[in-house]
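Now for the letters of each chain:
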Amino acid sequence: MVAPSAAVEVFVDIYEPDKWADALATSFTDETKGMKHNLKGMGYEGDILIRKQGEEEVTWGIERKTFTDALNSWMGKRLIRQLVDLSEKVTHPILIVIEEPEKRLSSSQNNPYRKFAKHIPNLESHLNRISLEICPVIRAKDEPTALKEVSKLIERIENDNYSTIRLHHHKISNPDPIIEFLQSIPRVGVQRAKKIRKAFTSFQNLLGDPDNKLKDVVGGKQDYEIIRNFLDETWK
């Protein structure tokens, strides 16, 4: 008998946008309004907590940052401290950084993409180091994409598919130069080229066709005549 999957709970911090609680939380104040929780008061850190109860409690903590938040936290030297604190409270710490396309296109003097343009390469380098040394870093092109990524993570956890990514082996075929060459003959596609290749030992054998096999291989009188005329035609 297969044991039922352990229950998964999702908690969204009180300071997070309502739409995140509405989309992700597993407890509600009414039918549609997601309930928010004080994660720090619960003994956790971060903005979103995913908790799976089983023989042992397994937790995923997500620090959610808009690009502006990430930039300010990094420049204020708070980002690493936040992630270290998070990693001490949960099994799997995660940082998600959400791009802000509206701000990127804004002509405002306060556009962080312009105002701090010279610092952005350093932030990018810092995020790469965080992903290598502290926790995974998810980059999302906008808020809907970020919500979708977190929702898919929760779904994998619920279905016991977390950390079960598999390598799918794909058969890679190298093109056959003879098949490709034969396809340059009029009325010869890949299937007909394969039949011709199988029936003849060489191109000279095809040209001479000593056993008159080409007609049967081609299978159509008109196509055979076009192919034969092409092979017999004298180059000018």
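Above this text is the structure in question.
Here we summarise the structure given alongside this text. (Residues numbered from 1 in each chain as written. Predicted model: local features only at pLDDT ≥ 70, side-chain atom pairs only at ≥ 80, totals over all residues. Heavy atoms only, no water.)

**With respect to the sheet that holds strand β3 (residues 48-52)**
Pairing between sheet strands relies on hydrogen bonds along the backbone, with the strands arranged either parallel or antiparallel.
Now for step 1: Spatially, β2-β1-β3-β4-β5-β6 is the arrangement adopted by the six strands of the open sheet, whose pairing is mixed. In this open sheet, the two strands that pair with only one neighbour each are β2 (36-37) and β6 (137-140).
Now for step 2: Packing against the sheet, helix α3 (residues 79-89) makes contact with β4 (58-66) and β5 (92-98), and its axis sits at approximately 165° to β4. (Pairing = 2+ DSSP bridges. Helix = DSSP H or I, 4+ residues; strand = E, 2+ residues; numbered from the N terminus. Contact = heavy atoms within 4.5 Å. Axes fitted to C-alpha atoms, helices over the stretch in contact; angles between N-to-C directions.)

**Some words on unusual backbone geometry**
Now for step 1: In the Ramachandran plot, Asp209 falls in the positive-phi region, its phi being about 45° despite a non-glycine side chain.
Now for step 2: Structurally, the position occupied by Asp209 is in the loop between α10 (203-208) and α11 (214-218).
Now for step 3: With relative accessibility at 5%, the residue Asp209 sits in the buried group. (Buried < 20%, exposed > 50% of the residue type's maximum accessible area, 1.4 Å probe, protein only.)

**Overview of the pattern of salt bridges**
Now for step 1: Counted according to the given criterion, the structure contains 19 salt bridges.
Now for step 2: Asp160 is paired through a salt bridge with Lys52; the nearest N and O atoms lie 2.3 Å apart. Taken together, the residues span a long stretch of sequence, with Asp160 in the loop between α7 (143-158) and α8 (177-182) and Lys52 in strand β3 at a distance of 108 residues.
Now for step 3: Judged by its relative accessible area of 13%, Lys52 falls in the buried class. (Salt bridge = Lys/Arg side-chain N within 4 Å of Asp/Glu carboxyl O.)

**What about a nonpolar patch on the surface?**
Now for step 1: Side chains of Phe181, Phe203 and Leu207 sit close together on the surface and give an oily, nonpolar patch of about 240 Å² of accessible area.
Now for step 2: The residue Phe181 is located in helix α8 in this model.
Now for step 3: Relative accessible area serves as the criterion here: at 42%, Phe181 is assigned to the partly exposed category. (Patch = residues over 30% accessible without salt bridge, like charges linked within 9 Å, V, L, I, M, F, W, Y side chains within 5 Å. Areas by Shrake-Rupley, 256 points an atom, 1.4 Å probe, with all protein chains shown as cover.)

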